[in-house]
Amino acid sequence: MQNTVRDWMNDLVVFVDPDATVTEALKLMRRRYVNSLIVRKTETNPEYGIVTSIDVCDKIVAHGRNPSELKVREIMSSPLITVPKDATVEECAKLMLEKRIHHLPVADEHGNIVGMISATDFLFIAETMGHGGGDRAFS
């Protein structure tokens, strides 16, 4: 079995400006079919951040807030918890469990975000672990 994040990560990372409205971020997520966005570093936002579908549920919908009146920086999580490309999938799963997160950005040796591994990816990883990549009941 392939065992490192490099083998399983999605290298499609979608970025959003911290001063974009949450409505703009939602449109971007829907248009790109992703459940998380990396918030860019800027002069006024020196660290990467992340906005996920769970943030939208917990910080917008559950409180009846208007997403067109909020900036991404107001709901993002920062600083990012990241892993290197050579981290094992087991290390990632443990970190996600410990930190109670569902999206884990992958950083290169310079701290640049180069990929993402999410809880959904672990469905495929677990299937491979259990079946050796063989017969799949619902393929």
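Residues numbered from 1 in each chain as written. Predicted model: local features only at pLDDT ≥ 70, side-chain atom pairs only at ≥ 80, totals over all residues. Heavy atoms only, no water.

*Asks:* Can you lay out the confidence of the model for the protein for me, pointing to particular residues and giving the numbers?
*Replies:* When pLDDT is averaged along the protein, the result is 90; 93% of the residues meet or exceed 70. The least confident element of the protein is helix α6 (residues 121-131), whose mean pLDDT is 81; the most confident is strand β1 (residues 15-16), at 98. Throughout residues 133-139 the model reports pLDDT below 50, and contacts reaching past four residues in sequence, or to other chains, amount to 3 contacts. (pLDDT = per-residue confidence, 0-100. Helix = DSSP H or I, 4+ residues; strand = E, 2+ residues; numbered from the N terminus. Contact = heavy atoms within 4.5 Å.)

*Asks:* Describe the nonpolar core, listing the residues and the values that go with them.
*Replies:* Grouped together as the largest cluster of nonpolar side chains are 17 residues, with contacts concentrated most on V16, L37, V39, V51, I60 and V72. Secondary-structure elements contributing two or more residues to this core are α2 (22-32), β2 (36-39) and α4 (72-75). Among all residues touching V39, those that are not within four sequence positions of it are V16, D17, P18, N45, E47, Y48, G49, I50, V51, V72 and M76. (Core = buried A, V, L, I, M, F, W, Y, C linked by side-chain atoms within 4.5 Å. Buried < 20%, exposed > 50% of the residue type's maximum accessible area, 1.4 Å probe, protein only.)

*Asks:* Help me get a handle on the pairing of strand β6 (residues 113-118), residues and values and all.
*Replies:* Of all 6 residues that make up β6, 5 are buried, and the element is covered over most of its length. Across 5 bridges, strand β5 (residues 103-107) lies against β6 in antiparallel orientation. Following the sheet pairing, P105 is matched in β6 by M116. Where β5 hands over to β6, the hairpin turn is made up of 5 residues, of which G111 adopts a positive phi near 85°. (Pairing = 2+ DSSP bridges.)

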